[in-house]
Amino acid sequence: MKDRFRGRDFLTLMDFTRDEIYHILETAIDLKRKWTRREPHELLRGRTLAALFEKKSTRTRVSFQAACAHLGAQSFYLRPDEMQLGRGEPIKDTARTLDRYCDGLFIRTFGQEIVEEFAHYMKQPVINALTDLTHPCQGLADMMTIIEKKGRLEGLKLAYVGDIWNVCHTLMVCGSNMGFDVSVAHPVGYDPSPRIMEYVTNMAKKNKVNITLTQDLKEALTDADVVYANTFHSMGGPEKTKEQRIIDFAPYQINETTIAYAKDDAIFMHCLPGYRGEEMTDGVVEGPQSVVFDQAENRMHTEKAVLALFIP
Ligand code: CP
Ligand code: NVA
């Protein structure tokens, strides 16, 4: 199985089968065990990775660069405004140049078509570190965390509130492929991408899972094993202003009252960064159900697995 990944791009979880995703997660669990025991795991000694971030990041950037260091690889952080890309050099020229120096690229940017263009022009793997459409590295860490806390994915129900954007898309992709229900509560006027919904609808039917969108927060949260919150105003979010979004999404806050609609043993997750008083209260994110920092830590272990499996 592990040879199926070497040299491939990691652009969206829609490109991988359930078995392949389980293999990545098992690799991450094994690497976490090694890291916890301080066992060396320099599987990419001497390799070089380019890290191009066109949006802000705390978790993704640091976890990726730490993962590279643990694996014995060097990563180069590239600010677009300091590169010729920022002065109009075409992506295709930048991509083919980076390809000559580096064994792979992890990139955070706006449109999915940008990571696809890099991937088209690079022979070495391109890893999506967040686009407007998807956040596949987040999805892996979320699933690893759910497995750690709940022992499985299949048959669970995840309820999501927050922007209908990359993380929401990714969780629906994960549920429909990996066999857990996802119920999204959202205000009218905020809808998921048709490209994502086409995949999700087909996979949900095939795998007999329920991926539902509702305006009713209580309905979404009822019987949930996982309550997942995300900001109401994403980076690069389209059309409506931050102020308008906060007003529109206000009825969808996870607080001490609304989290009680979920199962008593439900866990609270958030990709972070989070905004107390908007999508969640301080009491919930600091409360006993919250696993948000285990989730943040697992970003590093899952990204390490992607690097170890995909980089030639
Ligand atoms: N969850 C996440 O991607 O966090 P950063 O934006 O800090 O990388
Ligand atoms: N939806 C958020 C995710 C941040 C990790 C954003 O894109 O801003």
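Placed above this text is the structure.
It should be emphasised that the depicted structure is a prediction, and the values quoted were computed from it without experimental measurement.

The rules we used
- Residues numbered from 1 in each chain as written.
- Chains lettered and ligands numbered in written order.
- Predicted model: local features only at pLDDT ≥ 70, side-chain atom pairs only at ≥ 80, totals over all residues.
- Heavy atoms only, no water.
- Helix = DSSP H or I, 4+ residues; strand = E, 2+ residues; numbered from the N terminus.
- Expected span 1.5 Å × (residues − 1).
- Buried < 20%, exposed > 50% of the residue type's maximum accessible area, 1.4 Å probe, protein only.
- Contact = heavy atoms within 4.5 Å.
- Core = buried A, V, L, I, M, F, W, Y, C linked by side-chain atoms within 4.5 Å.
- Phe/Tyr/Trp six-rings, centres within 6.5 Å; stacked < 30°, edge-to-face > 60°.
- Lys NZ or Arg CZ within 6 Å of the ring centre and 35° of its normal.
- Near = heavy atom within 4 Å.
- Polar contact = N/O pair within 3.5 Å; in protein donor to acceptor, adjacent residues only side chain to side chain.
- Areas by Shrake-Rupley, 256 points an atom, 1.4 Å probe, with all protein chains shown as cover.
- 1 Å grid on protein atoms, 1.4 Å probe; cavity = no way out; pocket = protein on both sides within 12 Å on 5 of 7 lines; lining within 4 Å.
- Sits in = over half its atoms within 2 Å of the grid points.
- Salt bridge = Lys/Arg side-chain N within 4 Å of Asp/Glu carboxyl O.
- Axes fitted to C-alpha atoms, helices over the stretch in contact; angles between N-to-C directions.
- Parallel < 35°, antiparallel > 145°, perpendicular 65-115°, else oblique.
- Left-handed = near helix turned anticlockwise from the far one by under 90°.
- Nonpolar A, V, L, I, M, F, W, Y, C, P; charged D, E, K, R; others polar.
- Pairing = 2+ DSSP bridges.
- Points joined across faces, edges and corners; volume = space filled by probe spheres on them.

## Description of helix 1 (residues 18-36)
Counted at 1.5 Å a residue, the expected span for helix 1 with its 19 residues is 27 Å, and the 27 Å between its end C-alpha atoms agrees. Within helix 1 the residues assigned to the buried category are Glu20, Ile21, His23, Ile24, Leu25, Thr27, Ala28, Leu31 and Lys32. Taken together, the buried residues of helix 1 touch helix 5 (136-150), helix 6 (166-178) and helix 11 (292-310). Directly after helix 1, the chain includes Arg38, whose backbone phi takes a positive value near 60°.

## Comments concerning the nonpolar core
In terms of nonpolar packing, the biggest core is built from 69 residues, with Phe10, Met143 and Leu307 touching the most fellow members. Setting aside anything within four residues of it in sequence, one finds Met143 in contact with Leu13, Ile21, Leu25, Leu153, Cys174, Met178 and Phe180.

## Some details on the packing of aromatic side chains
For the structure on display, the rule yields 11 aromatic pairs. Judged by centre distance (4.2 Å) and plane angle (10°), the ring pair of Phe64 and Phe106 falls under stacked. Linking Phe64 in helix 2 (residues 59-70) with Phe106 in strand 3 (residues 104-108), this pair joins segments that are 42 residues apart in sequence. Its relative accessible area of 0% is what places Phe106 among the buried residues. Aromatic side chains Tyr190 and Phe249 sit 4.7 Å apart centroid to centroid with 55° between the ring planes, which places their arrangement in the tilted category. Separated by 59 residues along the polypeptide, Tyr190 in the loop between strand 6 (181-185) and helix 7 (194-207) and Phe249 in helix 9 (residues 242-249) bring together distant segments of the chain. Judged by its relative accessible area of 5%, Tyr190 falls in the buried class. Note on Phe249: relative accessible area 0%, which makes it buried. Members of the aromatic cluster, joined through ring pairs, are Phe5, Phe10, Phe16 and Phe310. Above the face of the Trp35 ring, Arg38 is positioned so that its terminal group lies 5.5 Å from the ring centre.

## Structural notes on the site of ligand 1
Inspection of the region around ligand 1 gives Ser57, Thr58, Arg59, Thr60, Arg108, His135, Gln138, Cys271, Leu272 and Arg299 as its neighbouring residues. One of the side-chain N or O atoms of Ser57 is found 2.6 Å from an oxygen atom in ligand 1. The contact in question runs from an oxygen atom of ligand 1 to an N or O atom on the side chain of Thr60, over 2.6 Å. Here ligand 1 has 260 Å² of accessible area as a free molecule, and 95% of this is covered by the chains. Put simply, ligand 1 lies in the largest pocket.

## Regarding the pattern of salt bridges
The final tally for this structure, using the stated rule, is 21 salt bridges. Between Arg195 and Glu116 there is a salt bridge, and its shortest N-O distance comes to 3.0 Å. With a gap of 79 residues between them, Arg195 in helix 7 and Glu116 in helix 4 (residues 112-121) connect regions that are remote in the sequence. Judged by its relative accessible area of 41%, Arg195 is partly exposed. A network of salt bridges, in which partner residues are shared, links Arg4, Arg8 and Glu20.

## Section: the packing of helix 1 against helix 5
The packing of two helices is summarised by the inter-axis angle and the distance between the axes. The contact between helix 1 and helix 5 brings their axes to 10 Å, and the two run at 70°. If you check the angle between helix 1 and helix 5, you find them roughly perpendicular. Read as a crossing pair, helix 1 and helix 5 show a hand that is right-handed. Along its contact with helix 1, which presents Ile21, Tyr22, Ile24, Leu25, Ala28, Ile29 and Lys32, the element helix 5 presents Leu140, Met143, Met144, Ile147 and Glu148. Its residues placed into classes, the contact of helix 1 with helix 5 shows 10 nonpolar, no polar and 2 charged.

## Structural notes on the side chain of Glu303
As for its position among the elements, Glu303 is in helix 11. Dropping the residues within four chain positions of it, Glu303 is found in contact with Thr60, Ser63, Phe64 and Cys137.

## Considerations on the sheet that holds strand 6
Strand order in this open sheet of 5 strands is 7-6-5-8-9, and the pairing throughout is parallel. Each end of this open sheet is capped by a strand with a single partner; those strands are strand 7 (211-214) and strand 9 (267-270). When strand polarity is set aside, the average angle formed by the axes of neighbouring strands in this sheet is 20°. The pairing of strand 6 with strand 7 spans 4 bridges and is classified as parallel. Its bridge partner being in strand 7, Val182 is matched across the sheet by Ile211. Each of strand 5 (157-161), strand 6, strand 7 and strand 8 (226-229) is contacted by helix 6, which is oriented at about 155° to strand 6, the strand it contacts most.

## Observations concerning empty space enclosed by the protein
All told, the structure shown has 1 cavity of 30 Å³ or more when counted by the stated rule. By volume, the largest cavity is sized at about 30 Å³. Lining the largest cavity are Thr12, Leu13, Met14, Thr134, Pro136, Thr170 and Val173. Looking at the lining of the largest cavity residue by residue, the classes come out as 4 nonpolar, 3 polar and no charged.

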